[in-house]
Amino acid sequence: MPRITLTILFLIVLSVVYGQEKFKNGEKYGLKYNGIVMYNAEYDQIVIHEYFVAGKKEHLWYNLSPVEKNAITPYKKFDFSLSESLIVVGLRKGGGLDVMDETGSNIYLENGDFDKLSIFGAEGSYQNDDLLLVKKNGKFGVIDWTKQKTVLPPIYSKIKIHKHCHPDSYIFFTQKGHELAIVDHNGDEVMSFNSRLVQDMYPALNCNGFYLKKGIYYGFCQKQSNGKYFLIPPKYDDISFPTGSTDFIVLTKNDKKGLYFRKQLVLKCRYEEIWEADSPYFVANVRVNGILKRLHPNGMLLLPNEQYIYEDR
């Protein structure tokens, strides 16, 4: 059963079993659970945030959960911005972050050496509640807080997360200066190169290489067996793989089609349609100005039932 489902069930049970009630004695406040005093009236302020209770003494806050030992640690503040993921973050008095459930009863990560925690924004295409984006000294990293594990150290200027082609798996796009990389869910680098143009990378639809993004434009990159890269610069409106293979890639720019065949640009974006030929003697069918032509492997375009006609491609 997913962690969030279990936590929701726990919260429902908790709301029935425990009734949170703060009380006042003189100028101080205390807290009862289910009518029984659990925290004496020694707090300057008590705030109940849904299922989480915070008590303030002087300038410090304490976690007044049903687990009394959790109330020992002093915090500068509590962050409820991750409440949709059923997480509360506590910033410790001496620095460091604690990650706890929404009741404060379970502390999953203690004294994490980070300045800030957040979830991944809408830019990513994969959501995993176990993963948090962390920030330290202006740099980003990733932690799996359920395993108390650092997936990526906080050394990057940008990190995005995307769904991988493998089921229930994901990859990261990272940037460090002009060095860009794809990193898998284990933190191992899949590929990297330098670029000032590329703003994002994620798996292509054929799961054999990666799309490159620059604003609204697409490119493509694939690492070859010899370690070199096959690269299509990000300047196209669309890139597709009609045959599922990177040997036949159709480009679109300004509603015109072009073609990469066997990793060579053989047709620029000047054509209305391009699709795979159903003949072993031709590479592709091409429609231009409403006329059907066939692309020969030697680069010539042939009109049906006519002689070869050479065109400047």
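Bear in mind that the values here come from a model prediction, so they are computed numbers and not experimental data. What you see as residue numbers is a count from 1 along each chain, following the sequence as written. With pLDDT at 70 or above as the cut-off, local features in this predicted model cover only qualifying residues; side-chain atom pairs require 80 or more to be listed or tallied, and sums for whole chains, interfaces and linings still use all residues. Computation of side-chain values: all heavy atoms of the structure, hydrogens and water removed.

Q: Lay out the state of the cysteines with the relevant residues and their values.
A: In this description, a disulfide is simply a cysteine sulfur pair whose atoms lie within 2.5 Å. The full count for this structure, using the stated rule, is one disulfide. Residue pairing for C165: its cysteine sulfur links by disulfide to C207, the two sulfurs lying 2.2 Å apart. Residues C165 and C207 share a disulfide whose torsion about the S-S bond is about -100°; that sign makes it left-handed. Of this pair, C165 sits in the loop between strand 15 (158–163) and strand 16 (170–176) while C207 is found in the loop between strand 19 (200–203) and strand 20 (210–214), placing the two residues 42 residues apart along the sequence. By the criteria applied, helices consist of DSSP H or I runs no shorter than four residues and strands consist of E runs no shorter than two, each listed in order from the N terminus.

Q: Help me get a handle on the pairing of strand 25 (residues 256–261), residues and values and all.
A: Strands pair, by our definition, only if DSSP identifies at least two bridges between them. In terms of strand pairing, strand 24 (residues 248–253) meets strand 25 through six bridges, oriented antiparallel. Across the sheet, T252 pairs through a bridge with K257, a residue of strand 25. Hairpin connection from strand 24 to strand 25: two residues lie between these consecutive antiparallel strands, with N254 at a positive phi of about 55°. With four bridges joining them, strand 25 and strand 26 (residues 264–271) adopt antiparallel strand pairing. Bridge pairing in strand 26 links Y260 to L265. Turn length for the strand 25-strand 26 hairpin, with the two strands adjacent in sequence and antiparallel, is two residues, and the turn residue R262 shows positive phi of about 50°.

Q: I'd love a proper account of the sheet that holds strand 14 (residues 149–156), names of residues and values included.
A: If you walk across this open sheet you meet the four strands as 11-12-13-14, and the pairing is antiparallel. Because the sheet does not close on itself, it has two edges, and the strands there are strand 11 (116–118) and strand 14. Here the strands of the sheet are splayed against their neighbours by 20° on average, with no regard to which way each runs. Note that strand 13 (residues 139–144) and strand 14 share four bridges and pair antiparallel. Looking at the pairing, D144 lines up with K149 of strand 14. Angular values range over 0 to 180 degrees, each being the angle between N-to-C directions of two axes fitted as lines to C-alpha atoms, with helices fitted over their stretch in contact.

Q: How would you sum up the packing of aromatic side chains? Please name residues and give values.
A: Classification of ring pairs rests on two measures: the distance between centres of Phe, Tyr or Trp rings, Trp counted by its six-membered ring, which must be within 6.5 Å, and the angle between planes, read as stacked under 30 degrees, edge-to-face over 60 and tilted in between. With the rule as written, the count across this model stands at twelve aromatic pairs. Both rings, one in Y75 and one in F78, keep their centres 4.9 Å apart while their planes meet at 45°; by these two values the pair is tilted. Both residues of the pair, Y75 and F78, count as buried. Site record: aromatic cluster; members linked through ring pairs are Y202, Y211, Y218, F220, F230, F241 and Y260. Here, a charge over a ring is recorded when the distance from Lys NZ or Arg CZ to the ring centre is within 6 Å and its angle to the ring normal is within 35 degrees. Against the face of F282 rests R294, its NZ or CZ located 5.4 Å from the ring centre. Per-residue accessibility, obtained with a 1.4 Å probe over protein chains only, is compared with the maximum for each type, and a residue is labelled buried under 20%, exposed over 50%, and partly exposed between these values.

Q: So, the pattern of salt bridges: which residues are in play, and what are the values?
A: Salt bridge criterion: a side-chain nitrogen from Lys or Arg within 4 Å of a carboxyl oxygen from Asp or Glu. Evaluated as defined, the whole model comprises eight salt bridges. For K28, the salt bridge goes to D44, with nearest N and O atoms at 2.3 Å. With K28 in strand 2 (residues 28–33) and D44 in the loop between strand 3 (36–43) and strand 4 (45–49), this residue pair connects regions lying 16 residues apart in the sequence. Among the residues examined, K28 registers a relative accessible area of 33% and is labelled partly exposed. Using a relative accessible area of 32% as the deciding quantity, one classes D44 as partly exposed. One salt bridge connects K136 with D113, and the closest N-O pair in it is separated by 2.6 Å. Of this pair, K136 sits in strand 12 (residues 131–136) while D113 sits in the loop between strand 10 (107–112) and strand 11, and the two are 23 residues apart along the sequence. Three or more residues are tied together by salt bridges with common partners; here these are R92, D98 and E110.

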